[in-house]
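An overview of the molecular structure
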Amino acid sequence: NAGVTQTPKFQVLKTGQSMTLQCAQDMNHNSMYWYRQDPGMGLRLIYYSASEGTTDKGEVPNGYNVSRLNKREFSLRLESAAPSQTSVYFCASSEPPNRGRETQYFGPGTRLLVL
Amino acid sequence: GQQVMQIPQYQHVQEGEDFTTYCNSSTTLSNIQWYKQRPGGHPVFLIQLVKSGEVKKQKRLTFQFGEAKKNSSLHITATQTTDVGTYFCAGRGSGTYKYIFGTGTRLKVLA
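Residues numbered from 1 in each chain as written. Chains lettered and ligands numbered in written order. Predicted model: local features only at pLDDT ≥ 70, side-chain atom pairs only at ≥ 80, totals over all residues. Heavy atoms only, no water.

**Brief notes about the state of the cysteines**
In protein chemistry, a disulfide is the covalent bond that joins the sulfur atoms of two cysteines. In this structure the tally under the stated criterion is two disulfides over all chains. At a sulfur-sulfur separation of 1.9 Å, the disulfide partner of A:Cys23 is A:Cys91. Disulfide A:Cys23-A:Cys91: torsion about the S-S bond near -70°, hence left-handed. Separated by 68 residues along the polypeptide, A:Cys23 in strand 3 (residues 19–25) and A:Cys91 in strand 9 (residues 87–94) bring together distant segments of the chain. Grouping residues by exposure puts A:Cys23 and A:Cys91 together as buried. Each sulfur in the disulfide pair B:Cys23 and B:Cys89 lies 1.9 Å from the other. Around the S-S axis, the bridge from B:Cys23 to B:Cys89 shows a dihedral of about 70° and counts as right-handed. Placement of the pair is B:Cys23 in strand 3 (residues 19–25) and B:Cys89 in strand 9 (residues 85–92), with a sequence separation of 66 residues. Given the relative accessible area of 2%, B:Cys23 is considered buried. (Disulfide = S-S within 2.5 Å. Helix = DSSP H or I, 4+ residues; strand = E, 2+ residues; numbered from the N terminus. Buried < 20%, exposed > 50% of the residue type's maximum accessible area, 1.4 Å probe, protein only.)

In structure tokens:
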């Protein structure tokens, strides 16, 4: 039982390059989330997926796209990376609200540097 | 939109002293969660509060949810070096899946 896994752990990109961050969970959770964490800013929600086949924007969606490939996997894509996207990216999963088990389980994070 | 403010941003305490962090939302919350993040690590769930005026305890940690469900606090009694890290609150409004995180309080415990 690995929980939430993320790949890669570290990535350096040049401005304009694209990449996809991968996330997978083995807890059979319906909801999945992508956050970014910048120093002193806490975690900000980029996109979330309430269930397989649905996605919705969070606080800071510009410059990102997501795909909920199946119940286990939720990927985040940067089409044209910018230095402002330098951050630590966390994926999380949980049961949907109102089921009494809304604990968000976070992956280890991906550290992204855009030059 | 919903905003969640958290104070203080930093707190340095001597080991054995108490510590409190406060969380305030601009809107009424359905529930609030608290997380701890160790340096270089990922957020780890501590607790969830749902009811107005709710108080929950976990050993030396006491969590409160305000009567109006717009504020919350985390109090640590007699801090230990293992308490070092950043504590975040995360609030969810009703009818949404979105959690808005506070900016966090970084706790440093001096031995």
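On we go.
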